[in-house]
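Coordinate analysis (summary)
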Amino acid sequence: MSDLSAKKVLAVVTNRGVEQDELKDPVQKLRDAGAEVTIAAPETGQVQTLVGDWDLGEVFAVDATLAEVNEADFDLLLIPGGTLNADNLRLDEDAQRIVKSFAATGRPVASICHGPWLLVETGLVKNKTLTSYTSIKTDVINAGGTWKDEEVFRCTAENFVLITSRNPGDLDAFNAAIAQELGA
């Protein structure tokens, strides 16, 4: 990635259950490129990641709570997956507020794996084309979206950019699309 030192990225997760590499890899790549990345969760303290939705993964510090973060300060929203993470995040009112704010102001959202469940819950996949983990394909379609089985997909419909990928195997393409969107 090129120099992203002027960019700020907000990663929204729950305190337990985010898929380790879907948080770790994009955050590390963005920080290595100079971007300021804030990890926000419902509670202060730590984020316990999982590997394959089962095994304990690495622990990450929470930089801000979802309730206290000012989403207007950020250039891009990152929504990692992990089944447990995404299923709880989509019901969190602060996470819903944040993703709706990004869409309403035309700022990009990048989501991988089960992460798009938050967009399904908030009605933001309607008229969008995206990819995700295959198990939420029906949810995307039922919410008015078009689902594609592709490594990464960038959709500009509905006045905001949505970058999506299917799973951790797509992280190289996902990270490259995020960097390109941020101008790297």
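As a reminder, the structure under discussion sits directly above these lines.
Residues numbered from 1 in each chain as written. Predicted model: local features only at pLDDT ≥ 70, side-chain atom pairs only at ≥ 80, totals over all residues. Heavy atoms only, no water.

A look at the environment of Phe60
- Of note, Phe60 is situated in strand β5 (residues 55–61).
- For Phe60, a relative accessible area of 15% gives the class buried.
- Sequence separation between Phe60 and Gly45 is 15 residues, and the spatial gap between their C-alpha atoms is 8.7 Å.
- Among residues more than four places away in sequence, those in contact with Phe60 are Leu23, Lys24, Ile39, Gly45, Gln46, Val47 and Thr49. (Helix = DSSP H or I, 4+ residues; strand = E, 2+ residues; numbered from the N terminus. Buried < 20%, exposed > 50% of the residue type's maximum accessible area, 1.4 Å probe, protein only. Contact = heavy atoms within 4.5 Å.)

Structural notes on the side chain of Thr122
- Topologically, Thr122 is positioned in the loop between α4 (117–121) and β9 (129–130).
- Engagement of the side chain of Thr122 in a polar contact is seen with the backbone oxygen of Leu118, the distance being 2.9 Å.
- Contact partners of Thr122, with chain neighbours within four places excluded, come to Gln96, Val99 and Lys100. (Polar contact = N/O pair within 3.5 Å; in protein donor to acceptor, adjacent residues only side chain to side chain.)

Regarding the pattern of salt bridges
- For the structure shown, the criterion picks out nine salt bridges.
- Across the pair Arg90 and Asp87 runs a salt bridge, and its minimum N-O distance is 2.8 Å.
- Residue class for Arg90 comes out buried when judged on its relative accessible area of 19%.
- Arg166 serves as the salt-bridge partner of Asp149, at 2.9 Å between the closest nitrogen and oxygen. Of the two residues, Asp149 sits in the loop between β10 (146–147) and β11 (152–155) while Arg166 sits in the loop between β12 (162–165) and α6 (171–181), which places them 17 residues apart along the sequence.
- Residue Arg166 is classed as partly exposed on the basis of its relative accessible area, which comes to 21%. (Salt bridge = Lys/Arg side-chain N within 4 Å of Asp/Glu carboxyl O.)

Some points on the nonpolar core
- Leu23, Leu30, Val47, Leu78, Phe174 and Ile178 are the most contacted members of the largest nonpolar core, which has 28 residues in total.
- Residue assignment for this core shows that the elements contributing at least two residues are β1 (8–12), α1 (20–32), β3 (36–41), β7 (76–79), β8 (109–112) and α6.
- The element that contributes the greatest number of residues to this core is α6, accounting for four residues. (Core = buried A, V, L, I, M, F, W, Y, C linked by side-chain atoms within 4.5 Å.)

Topic: α1
- Between its terminal C-alpha atoms α1 stretches 18 Å, which fits the 18 Å expected from 13 residues at 1.5 Å a residue.
- Residues Gln20, Glu22, Leu23, Asp25, Pro26, Val27 and Leu30 constitute the buried set of α1.
- Looking one or two places after α1, you find Gly34, whose phi comes out positive at around 100°. (Expected span 1.5 Å × (residues − 1).)

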